[in-house]
Amino acid sequence: MTTRAKTSLKIVQPEIEQMEAVMQEAAKQTAPMVQRLAAHRDRIDLAVKELESERFELLSRRDLVRRQAEAVEQGLSMHIEDIEATMRLYESGLNSLSTPE
């Protein structure tokens, strides 16, 4: 049985070596493609990170502008209320004066 196993190994060994050579050649041919793919992936990752950073910055700016607009609106509302209160004082004061007849 040992002789038979050794014999079958000798028959398979050249095929294994041939397959290893084919695999090594295939690896040599695919290596540049894998490198280009990795380079493209790195560029895409960088672009995505830049876009995420820009998105964060724009969201921050939008929130700041929104807060500033709310503050301006609140300030204008206070001025309008003050003007309306002053007008009511003047109107009530003018109406309370008696007109000479």
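Throughout what follows, the structure given in this document is the object of discussion.

## Structural notes on the overall build of the protein chain
Of the regular secondary structure elements, the protein chain holds one helix and zero strands. Counting every atom, the protein chain has about 9,900 Å² of accessible surface; 61% of that belongs to carbon and sulfur.

## Considering a nonpolar patch on the surface
Residues Val 72, Leu 76 and Ile 80 make up a contiguous nonpolar surface patch of roughly 280 Å² in combined accessible area. By the element assignment, Ile 80 lies in helix α1 (residues 2-96). Among the residues examined, Ile 80 registers a relative accessible area of 46% and is labelled partly exposed.

## Looking at the pattern of salt bridges
Inspection of the entire model under this criterion finds four salt bridges. Note that Asp 42 and Arg 41 form a salt bridge whose closest N and O atoms lie 3.8 Å from each other. The salt bridge involving Glu 57 is made with Arg 61; its shortest N-O contact spans 2.7 Å. Of this pair, Glu 57 and Arg 61 both sit in helix α1, four residues apart, which is roughly one turn of the helix. The class for Glu 57 is partly exposed, based on a relative accessible area of 39%.

Scoring rules and cut-offs
Residues numbered from 1 in each chain as written. Predicted model: local features only at pLDDT ≥ 70, side-chain atom pairs only at ≥ 80, totals over all residues. Heavy atoms only, no water. Helix = DSSP H or I, 4+ residues; strand = E, 2+ residues; numbered from the N terminus. Areas by Shrake-Rupley, 256 points an atom, 1.4 Å probe, with all protein chains shown as cover. Patch = residues over 30% accessible without salt bridge, like charges linked within 9 Å, V, L, I, M, F, W, Y side chains within 5 Å. Salt bridge = Lys/Arg side-chain N within 4 Å of Asp/Glu carboxyl O. Buried < 20%, exposed > 50% of the residue type's maximum accessible area, 1.4 Å probe, protein only.

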